[in-house]
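Here are the chains, one letter per residue:
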Amino acid sequence: MPLVTAGFVVLDCAEPEKLAVFYRELLDGEQTEATANRVEIRGADGTRLAFRRDMNATPPSWPRPENSLQAHLDFVVADLDEAERRIVGLGGRPLEAKDAAGPYGERGYSDPAGHSFTLRRQAPTAPKQG
């Protein structure tokens, strides 16, 4: 049996129950555990997140330069516009809603508690031409 049996990315926030709903809906997931101060979810793809109650939590200020970005989440999606509509409908907000240059489009968002995350367009599966 392995020493470590599960890994989570844990986000501190004032209301873990509400933030867990946002990510559970975004990831088409399920709640796997809940205590008075922590809620855990597993997304349909196996992504595991936890939300820990911290009444003094303050959201990062990224992309403002006065604070460095410490950590954020990346999610791969097939359709950036559809994903953006869902995020906004769930209470998230765009941080940078323009397409990035290069082969992969990216857009930045924050969840309802202010944690930043990025959506990346799914890489094409067709072989490179030329």
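As a starting point, this report considers the structure included with it. (Residues numbered from 1 in each chain as written. Predicted model: local features only at pLDDT ≥ 70, side-chain atom pairs only at ≥ 80, totals over all residues. Heavy atoms only, no water.)

**A word on the sheet that holds strand E1 (residues 9–13)**
- Strand order in the open sheet made by the four strands is E1-E4-E3-E2, with mixed pairing throughout. Lying at the two open borders of the sheet, with one neighbouring strand each, are E1 and strand E2 (30–34). Averaged over all neighbouring strand pairs, the angle between strand axes comes to 25 degrees, with direction disregarded. (Pairing = 2+ DSSP bridges. Helix = DSSP H or I, 4+ residues; strand = E, 2+ residues; numbered from the N terminus. Axes fitted to C-alpha atoms, helices over the stretch in contact; angles between N-to-C directions.)

**Structural notes on the environment of Arg-53**
- Looking at the secondary structure, you find Arg-53 in strand E4 (residues 48–53).
- Measuring from C-alpha to C-alpha, the distance between Arg-53 and Leu-11 comes to 8.8 Å, with 42 residues separating the pair along the chain.
- Apart from the residues within four sequence positions on either side, Arg-53 is in contact with Cys-13, Ala-14, Glu-15, Pro-16, Glu-17, Ala-36 and Asn-37.
- A polar side-chain atom of Arg-53 sits 2.8 Å from the main-chain carbonyl oxygen of Ala-36. (Contact = heavy atoms within 4.5 Å. Polar contact = N/O pair within 3.5 Å; in protein donor to acceptor, adjacent residues only side chain to side chain.)

**Comments concerning the side chain of Asp-111**
- Within the secondary structure layout, Asp-111 lies in the loop between strand E7 (106–110) and strand E8 (116–121).
- Buried and unpaired, Asp-111 has no salt bridge, with Arg-93 as the nearest side chain of opposite charge at 8.3 Å.
- Within the structure, Asp-111 has its side chain in polar contact with the side chain of Tyr-23 (distance 2.8 Å).
- At a separation of 2.8 Å, a polar atom in the side chain of Asp-111 contacts the main-chain amide nitrogen of Ala-113. (Buried < 20%, exposed > 50% of the residue type's maximum accessible area, 1.4 Å probe, protein only. Lys, Arg positive; Asp, Glu negative; His and termini not counted. Salt bridge = Lys/Arg side-chain N within 4 Å of Asp/Glu carboxyl O.)

**Things to note about the nonpolar core**
- One finds Tyr-23, Phe-51, Phe-75, Phe-117 and Leu-119 to be the most contacted residues of the largest nonpolar core, which totals 21 residues.
- The element best represented in this core is helix H1 (residues 16–26), accounting for five residues.
- Apart from the residues lying within four places of it in its own chain, the contact partners of Phe-51 are Leu-11, Cys-13, Pro-16, Leu-19, Ala-20, Tyr-23, Asn-37, Arg-38, Val-39 and Ile-41. (Core = buried A, V, L, I, M, F, W, Y, C linked by side-chain atoms within 4.5 Å.)

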